[in-house]
Amino acid sequence: MYPFKFVRENLDLLKKTAELKNQKVEWDKFEELDNERRRLIMFIEERKKWQKDLTEKISREKENKDLITPLINQARKYSDEINEAENRLNKIEKELEKIISFIPNIPHSSVPVGKDEKDNVVVKEWGEKKEKNFQVLPHWEIGEKLGILDFQRGSKITGSFFPVFKGVGAFLVRSLINFMIDLHIKNGFKEVWVPSLVNRDSLFNTGQLPKLEDDMYYLERDDFFLIPTAEVPVTNLHKNEVLNEDDLPIYYVAYTPCFRREAGAYGKETKGLIRVHQFDKVELVKFVKPETSYDELETLLQEAEKVLQLLNLPYRVVLLCSGELSFAGSKCYDIEVWCPGVEKWLEVSSCSNFESFQARRANIKFRRKDGKTDYVHTLNGSGIALPRTIIGIIENYQTENGEIIVPDVLRDYMKMERIAI
RNA sequence: GGAGGGGUAGCAUAGUGGUCUAAUGCGGCGGAUUGCUAAUCCGUUGUACCGUCGAAAGGCGGUACCGUGGGUUCAAAUCCCACCCCCUCCGCCA
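Residues numbered from 1 in each chain as written. Chains lettered and ligands numbered in written order. Predicted model: local features only at pLDDT ≥ 70, side-chain atom pairs only at ≥ 80, totals over all residues. Heavy atoms only, no water.

Draft legend 1. How the structure looks around the overall build of chain A. The helix and strand inventory of chain A stands at 13 helices and 18 strands. Counting all 421 residues of chain A, 49% fall into the buried class. Summing over all exposed atoms, chain A offers an accessible surface of approximately 21,500 Å²; the carbon and sulfur share of this is 47%. Computed over 64 positive and 70 negative side-chain charges, the inter-centroid distance for chain A is 2 Å. (Helix = DSSP H or I, 4+ residues; strand = E, 2+ residues; numbered from the N terminus. Buried < 20%, exposed > 50% of the residue type's maximum accessible area, 1.4 Å probe, protein only. Areas by Shrake-Rupley, 256 points an atom, 1.4 Å probe, with all protein chains shown as cover. Lys, Arg positive; Asp, Glu negative; His and termini not counted. Charge placed at Lys NZ, Arg CZ, Asp CG, Glu CD.)

Draft legend 2. Quick look at the packing of aromatic side chains. By the definition in use, this model includes 10 aromatic pairs. Ring centres of Y2 and F6 lie 5.0 Å apart, and the angle between their planes is 20°; this geometry places the pair in the stacked category. Since its relative accessible area comes to 27%, F6 is described here as partly exposed. Taken together, the ring pairs in this structure connect Y2, F6, F327 and F357 into an aromatic cluster. The positively charged end of K286 is found above the aromatic ring belonging to Y251, 4.6 Å away from the centroid. Directly above the ring of F204 sits R361, whose terminal nitrogen or CZ lies 4.1 Å from the centroid. (Phe/Tyr/Trp six-rings, centres within 6.5 Å; stacked < 30°, edge-to-face > 60°. Lys NZ or Arg CZ within 6 Å of the ring centre and 35° of its normal.)

Draft legend 3. View of the state of the cysteines. Scanning the entire structure with this criterion turns up 0 disulfides. Not engaged in a disulfide, the cysteine C258 finds its nearest cysteine sulfur in C351; these two sulfurs lie 14 Å apart. Of all cysteine sulfurs in the structure, the one in C332 sits closest to C351, which takes part in no disulfide; the separation is 7.3 Å. Overall, C351 belongs to the buried group, its relative accessible area being 0%. (Disulfide = S-S within 2.5 Å.)

Draft legend 4. Focus on the sheet that holds strand β14 (residues 364-367). Sheet architecture is open: 3 strands sit in the order β8-β14-β15, paired in mixed fashion. Each of the sheet's edge strands pairs with one partner strand only, and the pair in question is β8 (241-244) and β15 (373-375). For this sheet the average axis-to-axis angle between neighbouring strands, irrespective of direction, equals 35°. Direction of pairing for β8 relative to β14: parallel, over a ladder of 4 bridges. Residue pairing across strands places N244 opposite R367, the latter belonging to β14. (Pairing = 2+ DSSP bridges. Axes fitted to C-alpha atoms, helices over the stretch in contact; angles between N-to-C directions.)

Draft legend 5. Geometry of helix α10 (residues 293-311). Between its first and last C-alpha, α10 extends 28 Å over 19 residues, near the 27 Å set by a 1.5 Å rise per residue. Of all the bends found along α10, the most pronounced is centred on E305 and spans about 25°. Those residues of α10 that fall on the buried side of the exposure criterion are S293, E296, L297, L300, L301, E303, A304, E305, V307, L308 and L311. Positive phi shows up at N312, right after α10, with a value of about 55°. (Expected span 1.5 Å × (residues − 1). Bend = angle between axes of the 7 residues up to and from the residue.)

Draft legend 6. Focus on the nonpolar core. Within the largest apolar cluster, 52 residues are counted, with the highest numbers of intra-cluster contacts made by L176 and L410. Ranked by the residues each element gives to this core, the list is headed by helix α7 (residues 168-186), at 8 residues. Discounting residues that sit within four places of it in the chain, L176 has contacts with L311, L386, I390, I393 and L410. In terms of nonpolar packing, the next biggest core, distinct from the first, is built from 26 residues, M1, V7, I100 and I103 among them. (Core = buried A, V, L, I, M, F, W, Y, C linked by side-chain atoms within 4.5 Å. Contact = heavy atoms within 4.5 Å.)

Draft legend 7. Looking closely at the sheet that holds strand β7 (residues 224-226). Strand order across the open sheet formed by 3 strands is β5-β7-β6, with antiparallel pairing between neighbours. For this open sheet the edge positions go to β5 (197-199) and β6 (218-219), each flanked by a neighbour on one side alone. As paired elements, β6 and β7 share 2 bridges and run antiparallel to each other. For Y218, the partnering residue across the bridge sits in β7 and is F225.

Draft legend 8. Up close: the protein's contact with RNA strand B. Around RNA strand B sit 25 residues in total, of which R8, S59, A75, R76 and S79 are the nearest. Taking all atoms of RNA strand B within 4 Å of the protein, the share assigned to sugar and phosphate is 81%. Here R76 contributes a side-chain N or O atom positioned 2.6 Å from a phosphate oxygen of RNA strand B. S79 places a polar side-chain atom, nitrogen or oxygen, 2.9 Å from a phosphate oxygen of RNA strand B. For the surface near RNA strand B, the secondary-structure elements that each account for two or more residues are α1 (4-9), α3 (27-60), α4 (65-100) and β14. If one sorts the elements of the surface near RNA strand B by residue count, α3 sits on top with 12 residues. (Near = heavy atom within 4 Å. Polar contact = N/O pair within 3.5 Å; in protein donor to acceptor, adjacent residues only side chain to side chain.)

Here it is in structure tokens:
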């Protein structure tokens, strides 16, 4: 969310970025209303000044009725004029804010310009796609055979794409969450537990609203939303705060369930655990000084990569092009794990720098040593999302006789070497 | 859900219609004193917007901001209404 002045002074740049991100904005209307807003402010402020002077005179001469009666009449006139102009100003500012709220964040200069996923750049590949001398089954087949996944019963309870994990499957979910959180705590992240329901304001601040309203579950009675990611509650932890420079950087790790309606996504990559309405995720969030945020993005990416390296799952890192960047993002890396059963790279993490975009909306500042305040930069990355990681484990660690070897790093948690019938 | 108390600049607190242009303390920043630290003393102090000057840092002039939004009034931190949040107690409840 940019201030009016910034938009006014950077119209060309913002128009270009909105185009790159395929976002429609009412630019002409903005210019017209912005001019009118400034005219009105000048009109109002002038009259307020006059009114103030009169008020002072009235106050001084309040004993002298004959003298102040005409003054009061004049002041009343100003008061009416101010009132009327302010009503118009309020309307105009609301309209302007609505227009501005649809202006997306500006991509960083290192982001490749492009339209769709074909223009993304693979910047790294890690691990080996091991050749197996047997046909690797997709996770839903082997998972149901082993009794650790149950899609039928999930849809009975709620609807399709609400999976059930059973027995060792449920234990695997719990173990992965603990493994990931333990890892991140060891590397300096502070664990937080936050609400999974949030208000409109919080979603606006992180940039999900106004654009993605239809993609979220909504509780009408209370005007709350179920979170699509822990990014929303964790980033809003410091809404309307002024942090101390010495407190930065702040690193948080949070486990939460995530809820996504995935409106219109049916039929595409939706089998098994690939795309579900409710899933678990361990999320990393950083609050940092602007001058360090791009270094912080690289270390955030490394932190997320560590999870896959320790699980020994082959993955690649993709730098998103401008057209694929989210509304609020300045730069974003996706991490995709190779899943040989479905023969696809599946996204398990998205690491983004939002620069000051979210901090402006959420009003999160910090005070520098010289006393000046500045907006923090916020970053977040999944560290990492569970269902697709589980796909990766089931499909990469599958044996010929239909068992799953437990990755070394999880054996401390699960106290077993293989998942078998 | 009910009753009462509260929300004032980074924090803590004062302020019940008109020099409030929001006081005071702490903290922060700058300086003085000083073997070191501490203490003391002096100065300074927020945010947003509009106009104007400037390449910029910023300067100057103005307006607004006392939880949020309305209302009364010539004039609101102060009076009235609604809502939000925090605290205490009661009720209900996993």
